[in-house]
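# Examination of the molecular architecture
Here's the letter readout for the chains.
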Amino acid sequence: MISLRTLAGIASLVGLAACSAPGSQTGANGVSAAAALFERFSYEGRAQETATPTASQYRNPILSGYYPDPSVLRAEDDYYLINSSFTNFPGLPLFHSRDLSTWTQIANVITRPSQANFQGLRSSRGIYAPDISHHKGVFYVVTTCVDCGGNMVMTASKPEGPWSEPVKLAFGGIDPSLFWDTDGKVYLVGNDAPAEQPRYDGHRAIWVQEFDPAALAVKGERTLLVNGGVDIAAKPSWIEGPHIFRRGAYYYLIAAEGGTGDNHSQVVFRSASVRGPFTPYPHNPILSQRKLDPARPNPVTSAGHAKFVQTPDGQWWATFLATRPYRDGLYNIGRETFLLPVSWKDDWPMVLEDGKPIPFVAARPALPAQARPALPLSGDFAYVDEFDAARLSDAWIGVRTPAAPFHRLEAGRLVLEPRGRLGDLDGTPAFLARRQQHHIATVGTSLRFRPVREGDRAGLVAYQSDASHLFYGVTRMGQRNVLALTKRAKSDADSLLASVPVSDDAIDLEIRIDGGRMDFFYTAGGVRRELRSGVDASFLSTSKAGGFTGTIIGPYVWRADGADAPY
């Protein structure tokens, strides 16, 4: 395993900056007596499929775990990629690469509560489908904050930030992206309602409008480019994630079609004008897995939402999302980012012929290969965060925008001060998490916490949403302190799965995950024991929990009334 103390360039979670609860009493070393202390967080994961790339190959997915809706950008010899983050904070993870297949997170675009307020929002609202572009030394991110402001744009002089406050765009709908034409004009393209009464559920349209980069605003008339999808007579659903680019004599419009499930696909249209009319490719879709046998071994499903990028040698590549179910269409880790080359025939692009499976390994782009980073994002890997750096890694996220800071790093410990209760949409819980990036994984932590009042709790949470999550840790129940395992499966109440009395303040927790199964171990007083094995964790899958996110796992604390209690 690698320690995060060796990683360079670790950035701060500005919005979750450290401090103790106002007015709280403090115990030893100045730590609030209400706090929970976590001395490490460990993760080890491996894929369920066997895939061993050679030196000339890369491995799919290029970003494992909950990294959906990728948008890729080339700026000279550098490549940048950004993903949706919904109500997680910090938001909009941003990655850098020189070879398109080896990525390192360099920032989050949303790092300040002033940029986005997710209070009161469920886990699959918030930030949707960002797009990143670059022009004359300025980086632009356009995205949608669903139920929190609509379409907006943010800018930065360098991708590491800081990024500006968002500017709201007078352009309805979702999934905006920018197209910079060779004549100097800029256009915003996005998904919105059709120019008629919707004919069916999921009837949407793609629109374009000129964008003024100096004013950060749209201007002029808005033009309808696609009504419904490739063939409106077939009632195509949820045309979305549009991008326009130019190649030769044509403007190309690519978009996702078919919804976010197994019918997801990527389609393409072309036109001699940026405002159309756009003609659909006769052999759409250009990427889909929906015709393949769902019972095939190690399937990749739900492929779509692509964006293209061209390398210096003239080759085209597509980043896109897809999923890897562990069985029966179930996946807990969310939608992931994949990479494939784009071929061209008769001035039409093709990512993958319909009915052909997405490969787990493929030939690398013709770019100088990068060394495997200290903290990989693809393949099998492990890490330990000892909490001994000056700041948390950008990979740590919480749920909703914090109204007040709740964590700090101190003497090799993560100190969490109690805040909102998990499940209460009006608050932000004292919960920090990392993505589960493999179906086969082991997660662990060392906890020091003493519950005093009924309901006090601290430990690890595996979270899909406020209504679907699992808690494993120390709590007070029935006037005694216990190690408890509880779950919520599309519910507003906890269900107790197992418990055992504990007397030690310090305890090690371990969760072993294998697809839809979880086993739970703990070490107290130097003795390792099993609390419960064979727990059905499929309630954390997208098909059961709903929504668009993946499982995140990490430390959490809550006090029943927020009052301090001595250790």
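Criteria and thresholds
- Residues numbered from 1 in each chain as written.
- Predicted model: local features only at pLDDT ≥ 70, side-chain atom pairs only at ≥ 80, totals over all residues.
- Heavy atoms only, no water.
- Helix = DSSP H or I, 4+ residues; strand = E, 2+ residues; numbered from the N terminus.
- Buried < 20%, exposed > 50% of the residue type's maximum accessible area, 1.4 Å probe, protein only.
- Contact = heavy atoms within 4.5 Å.
- Areas by Shrake-Rupley, 256 points an atom, 1.4 Å probe, with all protein chains shown as cover.
- Lys, Arg positive; Asp, Glu negative; His and termini not counted.
- Charge placed at Lys NZ, Arg CZ, Asp CG, Glu CD.
- Phe/Tyr/Trp six-rings, centres within 6.5 Å; stacked < 30°, edge-to-face > 60°.
- Lys NZ or Arg CZ within 6 Å of the ring centre and 35° of its normal.
- UniProt positions renumbered as here; feature names shortened; annotations may be inferred.
- Core = buried A, V, L, I, M, F, W, Y, C linked by side-chain atoms within 4.5 Å.
- Pairing = 2+ DSSP bridges.
- Axes fitted to C-alpha atoms, helices over the stretch in contact; angles between N-to-C directions.
- Disulfide = S-S within 2.5 Å.
- Domains from an automatic or database assignment.
- Buried area = accessible area lost by both parts, 1.4 Å probe.
- Salt bridge = Lys/Arg side-chain N within 4 Å of Asp/Glu carboxyl O.

The next subject is the overall build of the protein chain. Within the protein chain one finds one helix and 41 strands. Seen along its three principal axes, the alpha-carbon backbone of the protein chain occupies a region of about 75 × 50 × 50 Å. The buried share among the 567 residues of the protein chain stands at 60%. Expressed as a percentage of contacts within the protein chain between residues at least 6 apart in sequence, the contacts between residues at least 24 apart total 61%. For the protein chain, the accessible surface area stands at approximately 20,700 Å², while carbon and sulfur atoms represent 48% of it. Where the 57 positive side-chain charges of the protein chain centre and where its 57 negative ones centre are 2 Å apart.

A few words now on the packing of aromatic side chains. Counted by the stated rule, this structure contains 27 aromatic pairs. Geometrically, the ring pair formed by F41 and W396 is edge-to-face, given 5.1 Å between the ring centres and 70° between the ring planes. Separated by 355 residues along the polypeptide, F41 in strand β2 (residues 36-46) and W396 in the loop between β27 (381-385) and β28 (398-399) bring together distant segments of the chain. Overall, the relative accessible area of 1% leaves F41 in the buried class. For W396, a relative accessible area of 0% puts it in the buried group. Where F245 meets W316, the ring centres are 5.1 Å apart and the plane angle is 40°; that geometry is what we call tilted. Of the two residues, F245 sits in strand β17 (residues 240-247) while W316 sits in strand β23 (residues 316-323), which places them 71 residues apart along the sequence. Just as F245 is buried, W316 falls in that class too. Here the aromatic cluster, defined as three or more aromatic residues joined through ring pairs, consists of F245, Y250, Y252, F308, W316 and W344. A cation sits over an aromatic face here: R247 above W344, 3.9 Å from the ring centre. The side chain of R270 reaches across the aromatic face of Y250, ending 4.1 Å from its centre.

In this structure, P294 sits in the loop between β21 (287-288) and β22 (301-310). Assessed through its relative accessible area of 68%, P294 is described here as exposed. Residues P294 and E257, spaced 37 residues apart in sequence, show a C-alpha to C-alpha distance of 19 Å.

With that settled, the discussion passes to the UniProt feature "domain: Beta-xylosidase C-terminal Concanavalin A-like" (unreviewed entry) in the protein chain. Within this structure's numbering, the places UniProt gives as "domain: Beta-xylosidase C-terminal Concanavalin A-like" (unreviewed entry) are residues 385-559. In this annotation, residues 385-559 is assigned 2% helix and 53% strand; the end-to-end C-alpha distance for the span is 25 Å.

This brings us to the environment of S85. Relative to the elements of secondary structure, S85 occurs in the loop between β5 (78-82) and β6 (88-89). Separated by 324 residues in sequence, S85 and L409 place their C-alpha atoms 24 Å apart. Those residues within four positions of S85 in sequence are excluded, and the remaining contacts are Y66, G91, L92, P93 and I127.

Let us look at the nonpolar core. One finds L447, Y472, L483, I507, M518 and F520 to be the most contacted residues of the largest nonpolar core, which totals 44 residues. For L447, the contacting residues outside a window of four places in its chain are A36, L37, F38, A458, G459, V474, D505, A506, I507 and L509. Grouped together as the second largest cluster of nonpolar side chains are 41 residues, Y67, V268, F338 and L377 included.

Time to look at the pairing of strand β34 (residues 457-463). Regular strands place side chains that alternate from one sheet face to the opposite one. With seven of seven residues buried, β34 is to be regarded as a mostly interior element. Connecting β34 to the next strand, strand β35 (residues 468-477), in antiparallel fashion are four residues.

For the rest of this paragraph, the subject is the sheet that holds strand β25 (residues 348-350). To summarise the sheet geometry, strands pair through backbone hydrogen bonds and adopt either a parallel or an antiparallel arrangement. With antiparallel pairing, the four strands of this open sheet are ordered in space as β22-β23-β24-β25. Since the sheet does not close on itself, it has two edges, and those belong to β22 and β25, each with one partner. In this sheet, neighbouring strand axes are inclined to one another by 35° on average, regardless of whether the strands run parallel or antiparallel.

With that out of the way, let us pick up the state of the cysteines. By the definition in use, this model includes one disulfide. With its sulfur 1.9 Å from that of its partner, C145 forms a disulfide with C148. Because the sign of the S-S torsion sets the handedness, a value of about -95° for the bond joining C145 and C148 places this disulfide among the left-handed ones. Classification of C145 as buried rests on a relative accessible area of 1%.

A few words now on the domain arrangement of the protein chain. By a frequent convention, interface size equals the accessible area lost on bringing the separate parts together. Taken domain by domain, the protein chain holds domain 1 (36-44 + 381-558) and domain 2 (68-363). Between domain 1 and domain 2, the contact holds 38 residues from the first and 34 residues from the second. Carbon and sulfur atoms supply 51% of the area buried between domain 1 and domain 2, which totals about 2,800 Å² over both sides. Of all residues in domain 1, T401, H439 and F548 give up the largest surface area on contact with domain 2, accounting jointly for 26% of the area buried on that side. The tally of links from domain 1 across to domain 2 stands at zero salt bridges. Of all the secondary-structure elements, those providing two or more residues to the side of domain 1 that touches domain 2 are β28 and α1 (542-545).

Once that is clear, we can look at the sheet that holds strand β8 (residues 104-110). Read from one edge to the other, the open sheet built from four strands follows the order β4-β5-β7-β8, with strand pairing classed as antiparallel. Bordering the open sheet on either side are β4 (71-75) and β8, each of which pairs with just one other strand. Averaged over all pairs of adjacent strands, the angle between strand axes in this sheet comes to 25°, irrespective of strand direction. Sheet analysis places β4 next to β5, joined by five bridges and oriented antiparallel. Considered in β5, the bridge of V72 is made with L81.

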